[in-house]
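Structure assessment
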Amino acid sequence: MDKTIEESKQGNTLVLDTKSENTKKLFIESYGCAMNFSDSEIVASILFENGYNTTQILEEADLVLVNTCSIRDKAEQTIRKRLEKYNAVKRINSKMKVGVLGCMAERLKTKFLEEEKIVDLVVGPDAYKDLPNLLKEVEEGNDAINVILSKDETYGDIAPVRLNSNGVSAFVSITRGCDNMCTFCVVPFTRGRERSREPQSILSEIQDLWDRNYKEITLLGQNVDSYLWYGGGLKKDFVSASEMQKATAVSFDQLLEMVAKGFPKMRIRFSTSNPQDMYKSVLHIIAKYGNICKHIHLPVQSGSNRILKEMNRLHTREEYLDLIKTIRAILPNCSITQDMIAGFPTETEADHQDTLQLMEEIKYNFGYMYSYSERPGTLAGRKMEDDVPEAIKLRRLQEIVDAQQSHSWYRNGEFVGQTLEVLVEKISKKSKNEFSGKSSQNIAVVFPKENYKIGDFVNVLIENCTSGTLIGTAVGLSEMN
């Protein structure tokens, strides 16, 4: 990447220097998962090298891009409302061009160009390198579309521009796509098959972040535990290519250890894990290194074995509970968070009670909970009737949310009296005299500012809590500084 990009922190706002020779302005918005936000940084980097500086002012943009999510219908409706907003601005600024990126672009393809008259280009998640060519087509008055899924694109050769960053933490993508065909999920159809990024490019990106004083990175993938990269080249002493591959493969636990050892003063997170792909070896690496965060996001989706089978989840309730027990045995101070879907097709009251009972047994620290939303193109969308009435979905969802709030209170209460290491990220929303940061367990912590600064690792004695926040007093800098 051009070295004229430099980042400087002013309060909580990160300011990106610009290229004086760049004459156009890019406005980009992201919705959905962390991968989308990471992809937007890749897009900004590609366009930076092709004449665009980023702007946070919609009205002055030459190019407006929205990076979209298709995981639920509500997300798609949000995007359509944003397109209406862009349309209103475009009536005033007729030179403005508008594009749709990401999963919704991949799913709807040419329908965007046909239905949304303000859309000039549509670009899927694996086609961002083609943006300069597509923009040339747009400048010539043509519609432009590229939604071809790649079998090998990882964007490992692109140094992302960090957008809307706090200057402290950043995402680093290590895999793309998903091979798990959960019947409710559109991701395999919008992001394609799994492929892993070459380890050295990951380490180089983290080194660049470290050199710019970032203190925390999150290794990202739809399923990080399935990370697997083959390399090393053919060697004469191997009997076969398959034997060579086994000997030179880098798995997720090995990558995690590489990063932890290579950057001992940088905090490391990862997301997301799938239960069937998380192995003890990963847990032992987390336990071995203090700079790997003690937090695992482990989506379960339902507590009913029957519904899990209908969802094509590759684990049972019993296997999931055994994994939770293993995590807590190896990582006793680890927080565990969940994804849960209420009202999946054919879900009965008994299935719903299984979910609530599972939650009661585990008592997650936090969760992301949704009512089922039929996604066109998925197996559930094609083959299963969305037969749970909306009112019942919402009631079951509320019961799940209420249970999780109670469990979050309980789990946060366990930290009262403990001293936790907190990475200071920003000034608290509620008081300019307090800092806010995250513990290793990914729980928000607030405490009086005193003489500490953003980016410090601070030991905080936890004195009180809410269901979402730990409250305490700083007792000094940690050894991570």
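Summarised in this report is the structure supplied together with it.

Attention now moves to the overall build of the protein chain. Counting its secondary structure elements, the protein chain contains 15 helices and 23 strands. Compactness check: the protein chain gives a C-alpha radius of gyration of 23 Å against a globular reference of 23 Å for 481 residues, within 12% of the reference. Per-residue burial over the protein chain gives 55% buried out of 481 residues. Put simply, 71% of the contacts in the protein chain that link residues at least 6 apart link residues at least 24 apart. Only carbon and sulfur atoms are counted for the fraction: they give 51% of the accessible area of the protein chain, which is about 21400 Å². Taking the average place of the 61 positive charges on the side chains of the protein chain and the average place of its 68 negative ones, the gap between the two points comes to 1 Å.

Glancing now at the sheet that holds strand β6 (residues 97–101). In space, the six strands of this open sheet follow the order β4-β3-β5-β6-β7-β8, with parallel pairing throughout. At either end of the open sheet lies a strand with only one pairing partner, and these are β4 (52–54) and β8 (144–146). With strand direction ignored, the average angle separating the axes of adjacent strands in the sheet is 25 degrees. For β6 and strand β7 (residues 121–123), the ladder comprises three bridges, and the chain directions are parallel. Looking at β7, one finds that Leu 101 is bridged to Val 123. Helix-sheet contacts for helix α2 (residues 73–92) involve β3 (24–30), β5 (63–68) and β6, and the interaxial angle to β5 is about 175 degrees.

Below, the discussion takes up the pairing of β5. Along β5, six of the six residues are buried, which leaves the element largely enclosed by surrounding structure. Here β5 shows two buried faces, one formed by Leu 63, Leu 65 and Asn 67 and the other by Val 64, Val 66 and Thr 68. Strand direction decides the pairing type here: β3 and β5, joined by five bridges, are parallel. Following the sheet pairing, Ser 30 is matched in β5 by Asn 67. Note: β5 against β6, five bridges, orientation parallel. What sits directly across from Leu 65, in β6, is Gly 99. Where the polypeptide runs from β5 across α2 and back to β6, its parallel neighbour, the crossover connection is right-handed.

Calculation notes
Residues numbered from 1 in each chain as written. Predicted model: local features only at pLDDT ≥ 70, side-chain atom pairs only at ≥ 80, totals over all residues. Heavy atoms only, no water. Helix = DSSP H or I, 4+ residues; strand = E, 2+ residues; numbered from the N terminus. Rg over C-alpha atoms; globule rule 2.2 N^0.38 Å. Buried < 20%, exposed > 50% of the residue type's maximum accessible area, 1.4 Å probe, protein only. Contact = heavy atoms within 4.5 Å. Areas by Shrake-Rupley, 256 points an atom, 1.4 Å probe, with all protein chains shown as cover. Lys, Arg positive; Asp, Glu negative; His and termini not counted. Charge placed at Lys NZ, Arg CZ, Asp CG, Glu CD. Pairing = 2+ DSSP bridges. Axes fitted to C-alpha atoms, helices over the stretch in contact; angles between N-to-C directions. Right-handed = clockwise from strand over helix to strand, strands pointing away.

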